[in-house]
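Commentary on secondary and tertiary structure
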Amino acid sequence: MPHPNDPSLRSFIGVDPASDFPIQNLPYGVFSTAANPTPRVGVAIGDYVLDLWELEQDSRLDVGPLGVFSTPSLNAFMALGPKVWTKTRARISELLRADHPELRDNEELRKQALVPIRDARLHLPFAVSGYTDFYSSKEHATNVGVMFRGKDNALQPNWLHMPIAYNGRASTVVVSGTKVKRPRGQLKPPNVEAPSFGPCKRLDFELEMGVVVGQPSPMGGMLTEPQAEEMIFGFVLLNDWSARDIQQWEYVPLGPFLAKAFATSISPWVVTREALEPFRLNGPQQEPVPLDYLKQGKPQNYDLELDVSLRAAGANAPAGISRTNFKYMYWSSVQQLMHHASSGCAMNVGDLLGSGTISGPEKNQRGSLLEISWNGTEPIELPGGAKRSFLEDGDSLVMRGWCQGEGYRVGFGEVEGTILAPE
């Protein structure tokens, strides 16, 4: 059987070469329809969702206990482990191949199992057990350090020795399309003596990738590189909305809290680690050499293009404001997971790890408005004459990501959020 990543594979479903969802991708999500409002698991293929619960009921898919794909999250499927993930993806690929008649020639099953994406409502794809946000782009950390501590003290002493992170809130991780209310909090600009309470005035986005942990690790243990890699089920686009003025006042001495707890948006499709295999590459050289428990023996970064566009409130069209690549990350997702577990911290099925803001070396590759506007001192100009240093009510932000293959792309769709005024 051809490998699901084979660039020559074609589906009997026509897929545009510019589509994010060719047969080489097969990302997982949770969807429902007006005709069947029960959320269930599906796979994106071209402009359709393949209903895996329909295939499971029809005995076309056998992953173990019946009903794994009838649930409103991917957690039960992820818990079955990497061997089942690989076997299932291969079987779905076989069913969708142009040269395989089983689904192609079964008109009744096709009508039941293939749903136009335009008719589907997409839900949060997995139940988030815990959420940790890292700070692993050297370019981003340097930019922020220069802004607030000066060029000679841009990186904190620990940054080059371990992946820095904080524990965020799983309760406010939401799926793309969920509107985000402007947060409220304590504000204390440098020129006033006492704080006040009110709406955030410096609302920002953070362009990130999210790692979806599909296997648990025991409390008290550690992870090797192969173990950590096998625990990663897949990746999502992630926007970690940030209230910069609330954060500025609250983060000393314990780091981000409410400034990052009000919303984190993720894409509805989880692209599997296996689908990204052809796009692996080495990340930046790490100097000093990491301690033994963080050393990597193989490439763990990905050549994954990322794009951010902003539609200002009242504008008719969005404008691109950033274009970067996941390959620039100094600390890889595998290193983040190894470090996370190194103290004996137990990891759970459904844990979400944010990569941290992804910025590149060029000005147009900055992954947050804090950097793009250089802390508000260099507002960006948008079509129609609008200017932005930070997000205003009614603004809509869209992030997209994809890996480009020969004649196909493995994409993530998009993660979108629109800012609402606080109540």
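Residues numbered from 1 in each chain as written. Predicted model: local features only at pLDDT ≥ 70, side-chain atom pairs only at ≥ 80, totals over all residues. Heavy atoms only, no water.

Under an unreviewed UniProt entry, the name given to the chain is fumarylacetoacetase, and the organism recorded is Bradyrhizobium canariense. Annotation of the chain in UniProt includes, under Pathway (unreviewed entry), the sentence "Amino-acid degradation; L-phenylalanine degradation; acetoacetate and fumarate from L-phenylalanine: step 6/6." (UniProt positions renumbered as here; feature names shortened; annotations may be inferred.)

Before going further, it helps to spend a moment on the overall build of the chain. Per the secondary structure count, the chain includes ten helices and 26 strands. In terms of principal-axis extent, the alpha carbons of the chain reach across some 70 × 55 × 35 Å. Burial analysis of the chain (423 residues in total) assigns 55% to the buried set. Pairs at least 24 residues apart make up 72% of the contacts formed inside the chain by residues separated by at least 6 positions. Accessible area for the chain stands at about 18100 Å²; split by element, carbon and sulfur atoms hold 52% of it. Charge separation in the chain, taken as the distance between the mean sites of 39 positive and 48 negative side-chain charges, equals 3 Å. (Helix = DSSP H or I, 4+ residues; strand = E, 2+ residues; numbered from the N terminus. Buried < 20%, exposed > 50% of the residue type's maximum accessible area, 1.4 Å probe, protein only. Contact = heavy atoms within 4.5 Å. Areas by Shrake-Rupley, 256 points an atom, 1.4 Å probe, with all protein chains shown as cover. Lys, Arg positive; Asp, Glu negative; His and termini not counted. Charge placed at Lys NZ, Arg CZ, Asp CG, Glu CD.)

Pro253 follows Val252 through a cis peptide bond whose omega is 10 degrees. Positionally, Pro253 belongs in the loop between helix 8 (244-250) and strand 16 (264-266). With omega at 10 degrees, the peptide bond leading from Glu287 into Pro288 counts as cis. In this structure, Pro288 sits in the loop between strand 18 (280-281) and strand 19 (301-302). Located in the positive-phi region is Asn375, a residue other than glycine, with phi close to 60 degrees. Tracing the backbone shows Asn375 in the loop between helix 10 (369-372) and strand 23 (380-381). Take Asn375: its relative accessible area is 25%, and that puts it in the partly exposed class.

Let's shift gears to the sheet that holds strand 26 (residues 409-420). One open sheet accounts for five strands, arranged 9-26-25-20-21; its pairing is mixed. The open sheet terminates on both sides in strands that have one partner only, identified here as strand 9 (180-181) and strand 21 (319-325). Examined bridge by bridge, strand 20 (residues 305-311) and strand 25 (residues 396-404) share seven bridges and lie antiparallel to one another. Note that in strand 25 the partner of Ser309 across the bridge is Val398. (Pairing = 2+ DSSP bridges.)

Here the focus is the domain arrangement of the chain. On domain assignment, one finds that the chain holds domain 1 (28-123) and domain 2 (130-420). Of the roughly 1500 Å² buried between domain 1 and domain 2, counting both surfaces, carbon and sulfur atoms make up 69%. Considering only the side of domain 1, the residues that lose the most area to domain 2 are Tyr28, Met78 and Trp85, jointly responsible for 37% of the buried surface there. One can count one salt bridge joining domain 1 with domain 2. We note a salt bridge from Glu274 to Arg89, for which the minimum N-O separation is 3.5 Å. Our count for the contact surface shared by domain 1 and domain 2 stands at three residue pairs in polar contact (both at pLDDT 80 or more). Tallying contributions element by element places helix 3 (residues 82-96) first for the side of domain 1 that touches domain 2, with four residues. (Domains from an automatic or database assignment. Buried area = accessible area lost by both parts, 1.4 Å probe. Salt bridge = Lys/Arg side-chain N within 4 Å of Asp/Glu carboxyl O. Polar contact = N/O pair within 3.5 Å; in protein donor to acceptor, adjacent residues only side chain to side chain.)

All right, on to the UniProt feature "binding site: Ca(2+)" (unreviewed entry) in the chain then. Summarizing the sequence annotation, UniProt attributes the feature "binding site: Ca(2+)" (unreviewed entry) to Asp133, Glu206, Glu208 and Asp240 in the numbering used throughout. Separation in sequence by 108 residues is not matched in space for these annotated residues, since their most distant C-alpha atoms are only 10.9 Å apart. Inspection of the secondary structure puts Asp133 in strand 6 (residues 131-134). The contact partners of Asp133, leaving out residues within four places of it in the chain, are Ile164, Ala165, Tyr166, Glu206, Glu208, Asp240, Lys260, Gly354 and Gly356. At 3.5 Å, the side chain of Asp133 forms a polar contact with the side chain of Tyr131.

The next point concerns the pattern of salt bridges. Under the definition given, this model contains 27 salt bridges. Between Arg60 and Glu102 there is a salt bridge, and its shortest N-O distance comes to 3.2 Å. Here Glu102 lies in helix 4 (residues 101-104) and Arg60 lies in the loop between helix 1 (52-57) and helix 2 (75-78), a separation of 42 residues in the sequence. Looking at Arg60, the relative accessible area reads 23%, which means it is partly exposed. What makes Glu102 partly exposed here is its relative accessible area of 23%. Two residues, Lys260 and Glu206, come together in a salt bridge whose shortest N-O distance is 3.3 Å. Highlighted residues: Lys260 in the loop between helix 8 and strand 16 and Glu206 in the loop between strand 12 (203-204) and strand 13 (207-213), separated in sequence by 54 residues.

It is worth spelling out the sheet that holds strand 3 (residues 48-51) at this point. If you trace the five strands from one edge of the open sheet to the other, you get 4-3-2-1-5, paired in antiparallel fashion. Every other strand in the sheet has two partners, leaving strand 4 (114-116) and strand 5 (120-123) as the edge strands with one partner each. For this sheet, the mean angle separating the axes of adjacent strands, direction not counted, is 50 degrees. For strand 3 and strand 4, the ladder comprises three bridges, and the chain directions are antiparallel. Its bridge partner being in strand 4, Tyr48 is matched across the sheet by Pro116. The strands that helix 3 touches are strand 1 (28-33), strand 2 (40-45) and strand 3; relative to strand 1, the one it contacts most, it runs at about 60 degrees. (Axes fitted to C-alpha atoms, helices over the stretch in contact; angles between N-to-C directions.)

Along the polypeptide, Gly354 turns up in strand 22 (residues 352-354). Along the sequence, Gly354 and Ala317 sit 37 residues apart, while their C-alpha atoms lie 29 Å from each other. When residues no more than four places from it in sequence are discounted, the contact partners of Gly354 are Tyr131, Thr132, Asp133, Phe134, Glu208, Met209, Leu238 and Gln336.

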